[in-house]
Amino acid sequence: MAGQELLERATAAAQGYLHAVGERTVRAELGSDELRCRLGGQLSESGEPPLQVLETLIASGGRGTSASRGGRYFGFVTGSSLPVATAADWMVSAWDQNCALQVMSPFVAAVEEVTGGWLKQLLGLPSAWSYGFVTGGTMANFTGLAAARHHVLERAGWDVEVDGLSGAPPIEVVVSDEIHYSIAVALRLLGLGAARVRKVPTDGQGRMRVVELANTLAGIDGPCIACAQAGNVNTGALDPITEIAAVTKPRGVWLHVDGAVGLWAAASDAHRTALAGVASADSVTTDAHKWLNVPYDCGLVFCAHPDAHRHAMSLASAYVQATAGERDPREYAPEESRRGRAVPVYAALRTLGRRGVADLVERCCRHARRFAEGLSAAGYEVLNEVSLNQVLVSFGDPEATGRVIAAIQRDGTCWCGGTRWHGRTAMRISVCSRATTEDDVERSLAAMLRCAAAVDARGD
Ligand SMILES: *Cc1c(COP(=O)(O)O)cnc(C)c1O
């Protein structure tokens, strides 16, 4: 069979990697220079045997990766693909379907429809909303905001997809001063200008202040888009979305909610009420490759205005016609040719069920609280209210905190990055992985305290 040897070798190597990843040093063992050296050189004229190429990748990939698949990687906002999601993703690669249209892959189109319906149920979104599977949170925000741009200009009598932005009625965009930078990227790509936004102040946890939002909106007359977030990347705090929607809706302001980090918490009883307001938004996004723990790259966009969503994204051509009466995946995302990224999401949801997603969320939040408690008990200052899965900790002045972070990364038991929060330098612990156990938390906490004590003891 074609490729049998290659797939068997890949299977064995993947199993070996997954078996070892929980115990190896969490930082990448090989640096960029060494990797360039191993992987580089001239492109050969006549190619190399495929098995040899695969072996080269396996040898460097095993040690040049961060062990984010294991249970002790707390950098950025990073999940660890569920085994069933990884296996489903392998099948996606084996099927190698272009999933733009129903006619290209009826199977993936059907999986998308079932999965989209399940996601709306799980996340508390109305069943009539449209949805799209995109590469990540950034493109999900781009898509939601493109739908917003279409909708607010259409109501002002302007067809932005046909006539562009030159001469269009100006759009006011209102964001909080804690909005994720991917919103700025999306606004830039949409011609709305990253810096031409009005910024609303936030509270001590980074939540948008609703009174300030109302004041800002009171001075705006024409087309307007407001952006809120469910899950601050530093503190995890959720914007008060119900209250925000109560301000935006009567004014006809489009409300976009970036829920890349926090929207999954809607699956949990503990957080559902705080997120109930998303059903009153106009567009909502999240990342499946973060807290749902499916492989990269997978973002999701949901929209209360399916026509605006479709108008903003799709364009027929002579040879790519919409399938009459059917949902074509390409109509809801900027990407045309695309992999079947709904398939691993389907596998994850079907395996976990509603309770499984809620358990995953609650377990991560519990681990985050344990980190905060252990670090506070040792005398280090936790800078945020740990209401979700994020912990910010200071180990003293910026230099000391920086040295502790570097020591923790070098130590290799776990991995955390640094950040700035309200003028302070902090280490950021983000617990997002289904692989993290209580033992992982205790081992990581012990390593953090050991590294911090060593930096303290040196007094440098
Ligand atoms: C991660 C993140 C994004 C961007 O998502 P990508 O998948 O990296 O493109 C957007 N918003 C928030 C709040 C995020 O945490």
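Residues numbered from 1 in each chain as written. Predicted model: local features only at pLDDT ≥ 70, side-chain atom pairs only at ≥ 80, totals over all residues. Heavy atoms only, no water.

Caption draft 1: Structural context of the side chain of Ser-60. Structurally, Ser-60 is set in helix α3 (residues 50-64). With sequence-adjacent residues up to four places away left out, Ser-60 is seen in contact with Leu-30, Leu-35, Arg-38 and Leu-39. (Helix = DSSP H or I, 4+ residues; strand = E, 2+ residues; numbered from the N terminus. Contact = heavy atoms within 4.5 Å.)

Caption draft 2: Seen up close, the sheet that holds strand β9 (residues 390-394). Read from one edge to the other, the open sheet built from 4 strands follows the order β8-β9-β11-β10, with strand pairing classed as antiparallel. Of all the strands in the sheet, the pair left with one neighbour each is β8 (381-382) and β10 (417-421). Pairing of β8 with β9, which is carried by 2 bridges, proceeds in the antiparallel orientation. In the strand pairing of β9, Glu-381 is matched with Ser-394. (Pairing = 2+ DSSP bridges.)

Caption draft 3: Local environment of the site of the ligand. Around the ligand, a shell composed of 13 residues is seen, among which Gly-137, Thr-138, Asp-258, Asp-287 and Lys-290 lie nearest. Take Asp-258: an N or O atom from its side chain is 2.6 Å from a nitrogen atom of the ligand. Protein burial of the ligand: of its 380 Å² of free accessible surface, 83% is covered by the chains. Residue contributions to the shell around the ligand peak at 3 residues, all from helix α6 (residues 137-155). Looking at the shell around the ligand, its residues break down into 3 nonpolar, 7 polar and 3 charged. (Near = heavy atom within 4 Å. Polar contact = N/O pair within 3.5 Å; in protein donor to acceptor, adjacent residues only side chain to side chain. Areas by Shrake-Rupley, 256 points an atom, 1.4 Å probe, with all protein chains shown as cover. Nonpolar A, V, L, I, M, F, W, Y, C, P; charged D, E, K, R; others polar.)

Caption draft 4: Expanded view of the environment of Trp-254. With respect to the element layout, Trp-254 can be found in strand β5 (residues 254-258). Here the alpha-carbon distance between Trp-254 and Gly-277, two residues 23 residues apart in the chain, equals 14 Å. Not counting residues within four places of it along the chain, the set of residues in contact with Trp-254 comprises Gly-144, Ala-147, Ala-148, His-151, Val-152, Cys-224, Ile-225, Ala-226, Asp-282, Ser-283, Cys-303 and His-305. A polar atom in the side chain of Trp-254 sits 2.8 Å from the side chain of Ser-283.

Caption draft 5: View of a nonpolar patch on the surface. On the surface, a nonpolar cluster with roughly 260 Å² of combined accessible area is contributed by Leu-39, Val-53 and Leu-57. Inspection of the secondary structure puts Leu-39 in helix α2 (residues 32-39). On the basis of relative accessibility, which here comes to 47%, the residue Leu-39 falls in the partly exposed class. (Patch = residues over 30% accessible without salt bridge, like charges linked within 9 Å, V, L, I, M, F, W, Y side chains within 5 Å. Salt bridge = Lys/Arg side-chain N within 4 Å of Asp/Glu carboxyl O. Buried < 20%, exposed > 50% of the residue type's maximum accessible area, 1.4 Å probe, protein only.)

Caption draft 6: Region of the structure containing unusual backbone geometry. Put simply, Tyr-296 and Asp-297 share a cis peptide bond, and its omega is -5°. Relative to the assigned elements, Asp-297 resides in the loop between β6 (283-287) and β7 (299-303).

Caption draft 7: Region of interest: the environment of Glu-212. Topologically, Glu-212 is positioned in helix α9 (residues 210-218). Since its relative accessible area comes to 32%, Glu-212 is described here as partly exposed. Separated by 11 residues in sequence, Glu-212 and Pro-201 place their C-alpha atoms 6.9 Å apart. Once you skip the residues sitting within four places of it in the chain, Glu-212 turns out to touch Val-200 and Pro-201.

Caption draft 8: Inspection of the packing of helix α1 (residues 4-20) against α3 at higher detail. Closest axis-to-axis distance for the α1/α3 pair is 10 Å, and the angle between their directions is 10°. Of the possible angle classes, the one that applies to α1 and α3 is roughly parallel. Counted together, Glu-5, Leu-6, Arg-9, Ala-10, Ala-13 and Tyr-17 of α1 and Pro-50, Leu-51, Leu-54, Glu-55, Ile-58, Gly-61 and Gly-62 of α3 form the full contact between these two elements. Classifying every residue of the contact of α1 with α3 gives 8 nonpolar, 2 polar and 3 charged. (Axes fitted to C-alpha atoms, helices over the stretch in contact; angles between N-to-C directions. Parallel < 35°, antiparallel > 145°, perpendicular 65-115°, else oblique.)

Caption draft 9: Looking closely at the nonpolar core. Of all hydrophobic cores here, the largest spans 89 residues; its most connected members are Trp-264, Trp-291 and Ile-429. If you tally residues by element for this core, the top one is helix α13 (residues 342-377), at 15 residues. Leave out the neighbours within four places in its chain, and Ile-429 touches Phe-74, Phe-371, Leu-375, Asn-389, Gln-390, Val-391, Cys-416 and Met-448. In terms of nonpolar packing, the next biggest core, distinct from the first, is built from 26 residues, Phe-142, Ala-168, Ile-171 and Ala-186 among them. (Core = buried A, V, L, I, M, F, W, Y, C linked by side-chain atoms within 4.5 Å.)

Just distances and angles here, no functional claims.
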